[in-house]
Amino acid sequence: MADTTHGGQTRRDFLYIAAGGMGAVGVGAMAWPFVSQMNPSQDVLALSSTEVDLSTIDVGQSVKVFWRGKPVFIRHRTAAEIAEAEGVPMGDLPDPQADSDRVQRAEWLILVGVCTHLGCIPIGEQGDYGGWFCPCHGSHYDISGRIRRGPAPLNLEVPEYVFLDDNRVRIG
Amino acid sequence: MSEFQTNSRVIKWIEYRLPIFSYVNEHLVVYPAPKNLNYAYNFGSLAGVMLVVQIVTGIVLAMHYTPHVDYAFDSVEHIMRDVNYGWLMRYMHANGASMFFIVVYIHIFRGLYYGSYKSPREVLWFLGIIILLLMMATAFMGYVLPWGQMSFWGATVITNLFSAIPLIGDSVVTWLWGGFSVDNPTLNRFFSLHYLLPFVLIGVVFLHLWALHHRKSNNPLGIDIKGPQDTIPFHPYYTVKDALGLAVFGVFFALFLFFMPNALGEPDNYIKADPLVTPAHIVPEWYFLPFYAILRSIPDKLGGVIAMFAAIFVLFVLPWLDTSRVRSATFRPIYKQMFWLFVIVCLVLGWCGAKPAEGIYIIVSRVATFLYFAFFGLLPFIGWFERPRPLPESINAAVLKSGGGGAMPEGAAAKAEERG
């Protein structure tokens, strides 16, 4: 082998690195399926939208619907609640976002009902801000689902949704 | 150390091909253990026994359990009501987990008190922490399997800890769940891993024992074994001592198992999991409470998660944080007080973890969290200015001086030395 030396490197060094490199690529390629199999399967992904009939929800009422294994809160807000949500100064919000950026139609507030702290379900019409209160670690959300006080870092998530017509909404 | 000898031709035949008999003889019979080990040194063998109890009862439970969200809860009730002795198997397994943690926590505090993490036993100590982490993962996943309300919401809260990781947090959580919430894929993988990890534990326990037997046990005096006069053979001296400890511990275990099998559990876990309703007061199992209190004491999500993990991982640097050359707290007047304060802090944290995160409990848990980390932060400085008491000349000298002649007749001691 010594006859193939170039600048102190031998053909054996090259083979060593090439074989090792190929081996690493092979192990990586085989490892990926074992990692990826734990991600949501196709049937789980297929269930990722749901349609809701809004005509049965009166003003001031809220419902929970099941979407992707989690509750979605749909609240038919009163005019007073909308005014309250819009009137909050941005400076009072840990995660500042205007109410108008969180709704498509002001009377319909649609939120993923999962606390952004550690995933518990907040309870409606409780807490110090007239919105939701999470019993697990004491996060208070307002009538726009924005975090006001407690350990949660973010506002309640607004899911993707479209109004199919005045009385039907598709979430997801 | 006496060589293994036998007259049996069968044993000789096997021994020539696989030296298993001499290996057992070396490590469980003539193994030279310090002659001054006290009852604090029983908890290692008790932990080993509990691992076996958990594996045996767990394999039985898996024969009757169904890992599916629609059937899991009912199959556990089926075990409790219909399976012959199913109630015994499940209560042994559920209370056994608590017993396992009790003995392991005492075992760890024993190591802290007598400085068993110091050179040359650092790797032994690391393997112990890895065992603790594996136990925690196993216990957490096992608690999810009955699919009660606490199972479900415990799983939700704990897996959500990973959502605190910047940027990739949410993807990691989705990956852990195999969906968009804790659901059937989560239950299935937890069952698979809950069955696997105890066998991984056995492997790490073997490494732990290998490291132990390579550098030999520490002892209450924290001084090295200087010769055969400092040791006695493991069998019969410590086999019988471990057996007595096991009998006493068995009574303690039985007290819970037969008279208050649900005392350590949460009644909410007898309600089937409901993904739409979170119980008003969720708490983890008691053995996680101190860490849960640390998590909640930090008013920032990521900060709380980091503090909680740091509370365990700080143990990995303990051998270098402690700058004192004396191992045993017996000879360290300041460290000894710090140790007991640390024990109290851990108990207070556990108490805080069980209480709602409001008012006075938040203040107490913040102070206790500060003190928990202060213990580790102060250790390097204590080692510098603490003046240790004089160490005895040898284990043997200390044993004889403290009236060991009464507990260990001269003849027996001499005989042990001949054997050793």
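Residues numbered from 1 in each chain as written. Chains lettered and ligands numbered in written order. Predicted model: local features only at pLDDT ≥ 70, side-chain atom pairs only at ≥ 80, totals over all residues. Heavy atoms only, no water.

Draft legend 1. View of the domain arrangement of chain B. Residue and element names in this part refer to chain B. Assigned domains of chain B: these are domain 1 (38-215 + 237-282) and domain 2 (289-389). If you average the C-alpha positions of domain 1 and of domain 2, the two centres end up 23 Å apart. Carbon and sulfur atoms make up 73% of the surface buried where domain 1 meets domain 2, a total of about 2500 Å² over both sides. If you sort the residues of domain 1 by the area they bury against domain 2, Tyr113, Lys118 and Leu161 come out on top, with a joint share of 25%. In this structure, the connection of domain 1 to domain 2 is made through one salt bridge. Of the charged contacts, one joins Asp322 and Lys118 as a salt bridge, the two residues approaching to 3.2 Å between their closest N and O atoms. Counting across the domain 1 and domain 2 interface gives 11 residue pairs in polar contact (both at pLDDT 80 or more). Residue assignment for the side of domain 1 that touches domain 2 shows that the elements contributing at least two residues are α5 (86-113) and α6 (122-144). For the side of domain 1 that touches domain 2, the element with the most residues is α6, which contributes seven residues. A breakdown of the residues in the side of domain 1 that touches domain 2 according to their chemical character gives 18 nonpolar, five polar and three charged. (Domains from an automatic or database assignment. Buried area = accessible area lost by both parts, 1.4 Å probe. Salt bridge = Lys/Arg side-chain N within 4 Å of Asp/Glu carboxyl O. Polar contact = N/O pair within 3.5 Å; in protein donor to acceptor, adjacent residues only side chain to side chain. Helix = DSSP H or I, 4+ residues; strand = E, 2+ residues; numbered from the N terminus. Nonpolar A, V, L, I, M, F, W, Y, C, P; charged D, E, K, R; others polar.)

Draft legend 2. Layout of the interface of chain B and chain A. Counting residues at the interface gives 23 residues for chain B and 25 residues for chain A. Together chain B and chain A conceal approximately 2200 Å² of surface at their shared face, both sides included; 67% is due to carbon and sulfur atoms. The three residues of chain B that bury the most area against chain A are Trp175(B), Phe180(B) and Leu276(B), which together make up 35% of that side's buried surface. The tally of links from chain B across to chain A stands at zero salt bridges. Inspection of the region where chain B meets chain A yields 10 residue pairs in polar contact (both at pLDDT 80 or more). Looking at the side of chain B that touches chain A, the elements with two or more residues in it are α7 (149-160), α8 (169-177) and α11 (289-297) of chain B. The biggest single contributor to the side of chain B that touches chain A is α7(B), with four residues. (Contact = heavy atoms within 4.5 Å.)

Draft legend 3. Up close: the sheet that holds strand β7 (residues 139-142) of chain A. Pairing within the open sheet is antiparallel, and its four strands lie in the order β5-β6-β7-β8 (chain A). Unpaired on one side and paired on the other, β5 (123-124) and β8 (147-149) of chain A mark the two borders of the sheet. (Pairing = 2+ DSSP bridges.)

Draft legend 4. How the structure looks around the nonpolar core. Counting 137 residues, the largest nonpolar core has Ile74(A), Ile171(A), Val103(B), Trp147(B) and Tyr372(B) as its most contacted members. Counting the residues that make up this core, at least three belong to each of domain 1 (38-215 + 237-282) and domain 2 (289-389) of chain B. Beyond its immediate chain neighbours, meaning those up to four positions away, Tyr372(B) contacts Phe291(B), Ile294(B), Ala311(B), Phe342(B), Val345(B), Cys346(B) and Leu349(B). In this structure, Leu221(B), Val326(B), Ile395(B) and Ala398(B) belong to the second largest nonpolar core, which totals seven residues. (Core = buried A, V, L, I, M, F, W, Y, C linked by side-chain atoms within 4.5 Å. Buried < 20%, exposed > 50% of the residue type's maximum accessible area, 1.4 Å probe, protein only.)

Draft legend 5. Fine view of the pairing of strand β9 (residues 161-165) of chain A. Residues and elements named next belong to chain A. Summarising the sheet, β9 and strand β10 (residues 168-171) pair through four bridges and their orientation is antiparallel. Bridge pairing in β10 places Tyr161 opposite Ile171. The loop that links β9 with its antiparallel partner β10 comprises two residues.

Draft legend 6. Broad picture of the state of the cysteines. Residue and element names in this part refer to chain A. A full pass over the atoms with the stated rule returns one disulfide over all chains. The disulfide partner of Cys120 is Cys136, and the gap between their sulfur atoms is 2.1 Å. For the disulfide bridge between Cys120 and Cys136, the dihedral angle about the S-S bond is near -100 degrees, and by the sign convention the bridge is left-handed. Linking Cys120 in the loop between β4 (108-112) and β5 with Cys136 in the loop between β6 (130-134) and β7, this pair joins segments that are 16 residues apart in sequence. An identical accessibility class is assigned to Cys120 and Cys136; each is buried. Cysteine Cys115 is unpaired, with the sulfur of Cys134 as its nearest cysteine sulfur at 3.8 Å. (Disulfide = S-S within 2.5 Å.)

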